[in-house]
Amino acid sequence: MTVNLEVSEGVGTIRLDRPPMNALDIATQDRLRELAEEATRRDDVRAVVLYGGEKVFAAGADIKEMQAMDHAAMVVRSRALQDSFTAVARIPKPVVAAVTGYALGGGCELALCADFRIAGDNAKLGQPEILLGLIPGAGGTQRLARLVGPSRAKDLIFTGRHVRADEALTIGLVDRVVPAAEVYEQAHAWAAKLAQGPATALRAAKECVDAGLETDLDTGLTIERSWFAGLFATEDRERGMRSFVDEGPGKAKFL
């Protein structure tokens, strides 16, 4: 398999494994969707790490495979491509991308689907599709602009240039830069900590932020209000408040 799911400490690691560069061919895209849906369903997966290995996250699409496709074929395929990445973005659990080496094109777009991005000091990110006479097609024009702002997104998309980890941190494309050898360890630790939290409340928080960004303020507040009230029907809310009253803040156990 070109993508695998391994679970440890409540954390599901979706690991790309298509040497040497983790090129995202059609089979890999479809497998990503399958595993994102599996991670969504499984109760033992409470947080997710996206990881490409020690040397490279993902260097983009399989260009040779794409070159053989004509317009009609890509009209059909482009929806499945976007759906694969959207399945990752919609995992209703905390998701962190552990980025080492290249995260280009589809690789960068996959990292954009995470809630948090930890990059190695050797990371290089970018959307070089323009250099092929194309534009990003797996969500890059939309998610990148929402993350770093339209001007910075246009700079990266119009030029196709790569940004090193330090610049990616400065513009908000990644959230933390660490030594390359520590990327997975730190990403797993971040996810494992959140995996101990209240699953329904975390799902609610993620949906409120993500859905709220796609709509106006009043609608976003309605989404928030609905989830906020709904959480009062959950066991986690009872446990959290009871622990606060009996033991003080920050001591509730939600597993």
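Residues numbered from 1 in each chain as written. Predicted model: local features only at pLDDT ≥ 70, side-chain atom pairs only at ≥ 80, totals over all residues. Heavy atoms only, no water.

**Brief notes about the state of the cysteines**
At step 1: Applying the stated rule across the entire model yields zero disulfides.
At step 2: Looking at the unpaired Cys108, the closest cysteine sulfur is the one in Cys113, lying at 10 Å.
At step 3: Counting only cysteine sulfurs, Cys113 is the nearest neighbor of Cys208, a cysteine outside any disulfide, at a range of 20 Å.
At step 4: Judged by its relative accessible area of 17%, Cys208 is buried. (Disulfide = S-S within 2.5 Å. Buried < 20%, exposed > 50% of the residue type's maximum accessible area, 1.4 Å probe, protein only.)

**So, the environment of Asp210**
At step 1: Tracing the backbone shows Asp210 in helix α9 (residues 199–213).
At step 2: Looking at Asp210, the relative accessible area reads 34%, which means it is partly exposed.
At step 3: Along the primary structure Asp210 and Asp115 are separated by 95 residues, whereas in three dimensions their C-alpha atoms are 9.6 Å apart. (Helix = DSSP H or I, 4+ residues; strand = E, 2+ residues; numbered from the N terminus.)

**As for the packing of helix α1 (residues 26–41) against helix α3 (residues 71–89)**
For any two helices packed against each other, one specifies the crossing angle of their axes together with the interaxial distance.
At step 1: Following both chains from N to C, one finds α1 and α3 inclined at 40 degrees, their axes separated by 8 Å at the closest point. By the angle class used here, α1 and α3 are oblique. In this structure, α1 meets α3 at a crossing whose hand is left-handed. Contact residues: α1 offers Ile26, Gln29, Asp30, Leu32, Arg33 and Ala36, while α3 offers Arg77, Leu81, Asp83, Ser84, Ala87 and Val88.
At step 2: Of the residues that constitute the contact of α1 with α3, the class distribution is six nonpolar, two polar and four charged. (Axes fitted to C-alpha atoms, helices over the stretch in contact; angles between N-to-C directions. Parallel < 35°, antiparallel > 145°, perpendicular 65-115°, else oblique. Left-handed = near helix turned anticlockwise from the far one by under 90°. Contact = heavy atoms within 4.5 Å. Nonpolar A, V, L, I, M, F, W, Y, C, P; charged D, E, K, R; others polar.)

**Quick look at the sheet that holds strand β9 (residues 176–178)**
At step 1: Spatially, six strands are ordered β1-β2-β3-β4-β6-β9 in an open sheet, and the strand pairing comes out mixed. Two strands lie at the open edges of the sheet, namely β1 (3–8) and β9, each paired on one side alone. In this sheet, neighbouring strand axes are inclined to one another by 20 degrees on average, regardless of whether the strands run parallel or antiparallel.
At step 2: Strand direction decides the pairing type here: strand β6 (residues 116–120) and β9, joined by three bridges, are parallel. Note on β9: the bridge partner recorded for Gly120 is Val178.
At step 3: In the packing of α1 onto the sheet, contacts are made with β1, β2 (11–16) and β3 (47–51), and the angle to β1 comes to roughly 25 degrees. (Pairing = 2+ DSSP bridges.)

Honestly, it's all geometry; don't read function into it.
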